[in-house]
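As a plain string of letters, each chain reads:
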Amino acid sequence: MARAFVAEGAAVVIADIDAAGGAAMVAELGEAARFVVLNVTKEQSWLDAFATCGPLDVLVNNAGITTLGSIEDVTLDQFRHELDIDVLGVFMGTKHVLPLMKEKGGSIINMSSLAGIRATGTLVAYNAAKAAVTLMTKSCALHFAAQGYPIRCNSIHPGAIHTPIIDKVLAQSDDPDALYASFVASHPIGRLGKPEEIAAIAVYLASDESLFATGAEFRIDGGASI
Ligand SMILES: NC(=O)c1ccc[n+]([C@@H]2O[C@H](COP(=O)([O-])OP(=O)(O)OC[C@H]3O[C@@H](n4cnc5c(N)ncnc54)[C@H](O)[C@@H]3O)[C@@H](O)[C@H]2O)c1
């Protein structure tokens, strides 16, 4: 997404807990991008990150993890950790970006998932977290509209996209090959998605071409949700 935004001429602040990964992206993208360390689970970290920014046009709440396991497998600590990153992170990011966005207006893009719409027996924590993001997005969209803030808030719902998160999920499985084959089989298009196919939706939601879209679920999943 950072690559796609820079290609559109945006100035991008990449914020992540992974400082080495952030530095590598900035080295690739040049002066259109800069990096700030952010732990989305810590409120002070959000405030510190936003303190380095002027008015912002776009916030992408993208940080996330996927905990594999059913209600019988997942521990309370694992469940809390999933919600801390995937839900409380989105809540704090959205809450604290408002002072930087209220006046000029902007677009908040929340990364939910197909798993935020449809359940899987082995994704109890991830389903709970991403479903929370789906409706938090709509609640924020309604609030911004009611207050007359020129801010839109939408959610993206990818199917399985081949990024490092997939490798981390496979590493949690007893049978990674079978799990990968099941990912492919669940997408009628017959393959996993590519990160750039998600980035294109984010660019659209960030742009004025999507000015009438708010509170909406953007599914991009190779037909998996049909
Ligand atoms: N890849 C998929 O199949 C898929 C499908 C649906 C939704 N998603 C969602 O897309 C988003 C991006 O995932 P991805 O596939 O690029 O995975 P990824 O693992 O490559 O990226 C996740 C990023 O979040 C960062 N992160 C983790 N914990 C953090 C924290 N506490 N503070 C700040 N940053 C933190 C990681 O360092 C990493 O850069 C996630 O929200 C994920 O749930 C991914």
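Above this text is the structure in question.
Residues numbered from 1 in each chain as written. Predicted model: local features only at pLDDT ≥ 70, side-chain atom pairs only at ≥ 80, totals over all residues. Heavy atoms only, no water.

Caption draft 1: Representation of the pattern of salt bridges within the structure. Evaluated as defined, the whole model comprises 6 salt bridges. Put simply, K138 and E217 hold a salt bridge, and the shortest N to O gap is 3.0 Å. Of this pair, K138 sits in helix α5 (residues 124–147) while E217 sits in strand β6 (residues 217–220); the two residues are 79 residues apart in sequence, bridging distant segments of the chain. Accessibility expressed as a relative area gives 31% for E217, which makes it partly exposed. Three or more residues are tied together by salt bridges with common partners; here these are K138, E217 and R219. (Salt bridge = Lys/Arg side-chain N within 4 Å of Asp/Glu carboxyl O. Helix = DSSP H or I, 4+ residues; strand = E, 2+ residues; numbered from the N terminus. Buried < 20%, exposed > 50% of the residue type's maximum accessible area, 1.4 Å probe, protein only.)

Caption draft 2: Summary view of helix α3 (residues 43–51). Where α3 is concerned, the buried positions are S45, W46, A49 and F50. Across the axial projection of α3, the buried residues extend over an arc of 130°, all falling on one side. Here the buried face of α3 lies against β2 (33–37), β3 (58–61) and α4 (76–101). (Arc of directions from axis to C-beta. Contact = heavy atoms within 4.5 Å.)

Caption draft 3: Main features of the environment of E103. Counting through the fold element by element, E103 comes out in the loop between α4 and β4 (106–111). A residue is classified by how much of its surface remains accessible, and E103, at 80% relative accessible area, is exposed.

Caption draft 4: The arrangement of the environment of D174 in detail. Note on placement: D174 falls in the loop between α6 (164–171) and α7 (176–185). Sequence separation between D174 and N127 is 47 residues, and the spatial gap between their C-alpha atoms is 20 Å.

Caption draft 5: Just the sheet that holds β6, in detail. Spatial ordering of the open sheet is given by β3-β4-β5-β6, a layout of 4 strands whose pairing is parallel. The outermost strands of the open sheet, each flanked by one partner alone, are β3 and β6. Geometrically, the sheet is characterised by an average inter-axis angle of 20° between neighbouring strands, direction not taken into account. In the sheet, strand β5 (residues 151–158) pairs with β6 via 4 bridges, with the strands oriented parallel. In the sheet register, H157 faces β6, and the bridge partner there is R219. (Pairing = 2+ DSSP bridges. Axes fitted to C-alpha atoms, helices over the stretch in contact; angles between N-to-C directions.)

Caption draft 6: Spotlight on the site of the ligand. D16, Y126, I161, T163 and K168 are the nearest of the 24 residues found near the ligand. Take D16: an N or O atom from its side chain is 2.6 Å from an oxygen atom of the ligand. Note that an oxygen atom of the ligand is positioned 2.8 Å from one of the backbone N or O atoms of N62. Coverage of the ligand by the protein chains reaches 86% of its 820 Å² of free accessible surface. At the level of elements, α5 and α6 are the ones that each hand at least two residues to the shell around the ligand. With 4 residues, the top contributor of residues to the shell around the ligand is α6. (Near = heavy atom within 4 Å. Polar contact = N/O pair within 3.5 Å; in protein donor to acceptor, adjacent residues only side chain to side chain. Areas by Shrake-Rupley, 256 points an atom, 1.4 Å probe, with all protein chains shown as cover.)

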